[in-house]
Amino acid sequence: MPDQSHAGDGPVGAGFPDVEVPVGGAAIDPLGPSLWSTTGPATFSGVTVTYHLKGVSGVRITPGAQGGGDCATPSPARVVCTDPRGLSFEGETVEAYLPVEVTASRSARPGDTGEVTITVNADGLAPITGVSEVRVLGRRDDLPVTGPAAGWSGVLLLAAGVVCLLGTRRRRRMILPAA
């Protein structure tokens, strides 16, 4: 599992997870900061999340399909997202806030790493900056299973285990010892 760095001593804490991307493919999960309120319920307006990719050839960041924000790409290595709704905390963590997609071209080299500097700004909040590492993998099946697919896989494996357990119990019940 990739490391996750943390930042923020103010009213908002932030985690900046690392991401792995296969050559010729996309990372399983979008890249975005995980945010949480350290002071209880809070709302922030004027929220902007800026991403700056550096240090790795053949890797690109683009606005994510998830997140609900408005994103611009001022350069191939930079994405800026804003959230017209504002950021509200009701006691839970906001995972992958205003995320970007990370992709690697076929020319990317396995083992190469780079960094995405992520900065979160909001009205009345000191900027929060962190760094996520981007690592290029050789094959898609080298990626860890996470996200919604992992949840369904776990449910299916659990269901299969229960069916096997019930089948085994039923067989045992049918075998009666000789009297």
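What you are looking at is a predicted structure, and each value in this text was computed from that prediction instead of being measured.

### Describing the overall build of the protein chain
Here is step 1: What the protein chain contains, in helices and strands, is one helix and 13 strands.
Here is step 2: In the protein chain, the succession of α and β elements from N to C terminus is β-β-β-β-β-β-β-β-β-β-β-β-β-α.
Here is step 3: Counting across all 179 residues of the protein chain, residues that qualify as buried make up 34%.
Here is step 4: In the protein chain, the share of contacts with a sequence separation of at least 24, taken over all contacts with a separation of at least 6, comes to 68%.

### Some remarks on the side chain of D83
Here is step 1: Counting through the fold element by element, D83 comes out in strand 9 (residues 78–83).
Here is step 2: Residue classification places D83 among the buried residues on the basis of a relative accessible area of 5%.
Here is step 3: A distance of 2.8 Å separates polar atoms of two side chains, one belonging to D83 and the other to R85.

### Description of the nonpolar core
Here is step 1: Core analysis: the largest hydrophobic core is formed by 37 residues, its most contacted members being F44 and V102.
Here is step 2: For F44, the contacting residues outside a window of four places in its chain are P11, V12, G86, L87, F89, A122, D123 and L125.

### Focus: the environment of L137
Here is step 1: Looking at where L137 falls in the secondary structure, it is placed in strand 13 (residues 125–137).
Here is step 2: The class of L137 is buried, set by a relative accessible area of 8%.

### Focus: the state of the cysteines
Here is step 1: Under the criterion given, the structure shown has one disulfide.
Here is step 2: Two residues, C71 and C81, share a disulfide whose sulfurs are 2.1 Å apart. Residues C71 and C81 share a disulfide whose torsion about the S-S bond is about 110°; that sign makes it right-handed. Separated by ten residues along the polypeptide, C71 in strand 8 (residues 70–75) and C81 in strand 9 bring together distant segments of the chain.
Here is step 3: Since its relative accessible area comes to 32%, C71 is described here as partly exposed.

### As for the sheet that holds strand 9
Here is step 1: On the basis of which strands lie adjacent, the open sheet formed by six strands has the order 3-13-12-6-9-8 and mixed pairing. In this open sheet, the two edge strands, each paired with only one partner strand, are strand 3 (19–22) and strand 8. This sheet shows a mean twist of 20° between the axes of neighbouring strands, independent of strand direction.
Here is step 2: Relative to strand 9, strand 6 (residues 47–54) is paired through six bridges, and the arrangement is antiparallel. In the sheet register, T50 faces strand 9, and the bridge partner there is V80.

### Here we look at unusual backbone geometry
Here is step 1: Positive phi outside glycine occurs at A96, with the angle close to 45°.
Here is step 2: Along the polypeptide, A96 turns up in the loop between strand 10 (87–89) and strand 11 (100–104).
Here is step 3: Of note in this structure, L98 is not a glycine but carries a positive phi near 45°.
Here is step 4: In this structure, L98 sits in the loop between strand 10 and strand 11.

### A look at the pattern of salt bridges
Here is step 1: The final tally for this structure, using the stated rule, is three salt bridges.
Here is step 2: E20 serves as the salt-bridge partner of R135, at 2.3 Å between the closest nitrogen and oxygen. Of this pair, R135 sits in strand 13 while E20 sits in strand 3, placing them 115 residues apart in sequence.
Here is step 3: Overall, E20 belongs to the buried group, its relative accessible area being 15%.
Here is step 4: The partner of D112 in a salt bridge is R109, with the nearest N and O atoms 3.5 Å apart.
Here is step 5: The exposure class assigned to R109 is exposed, which follows from its relative accessible area of 55%.

Parameters and conventions
- Residues numbered from 1 in each chain as written.
- Predicted model: local features only at pLDDT ≥ 70, side-chain atom pairs only at ≥ 80, totals over all residues.
- Heavy atoms only, no water.
- Helix = DSSP H or I, 4+ residues; strand = E, 2+ residues; numbered from the N terminus.
- Buried < 20%, exposed > 50% of the residue type's maximum accessible area, 1.4 Å probe, protein only.
- Contact = heavy atoms within 4.5 Å.
- Polar contact = N/O pair within 3.5 Å; in protein donor to acceptor, adjacent residues only side chain to side chain.
- Core = buried A, V, L, I, M, F, W, Y, C linked by side-chain atoms within 4.5 Å.
- Disulfide = S-S within 2.5 Å.
- Pairing = 2+ DSSP bridges.
- Axes fitted to C-alpha atoms, helices over the stretch in contact; angles between N-to-C directions.
- Salt bridge = Lys/Arg side-chain N within 4 Å of Asp/Glu carboxyl O.

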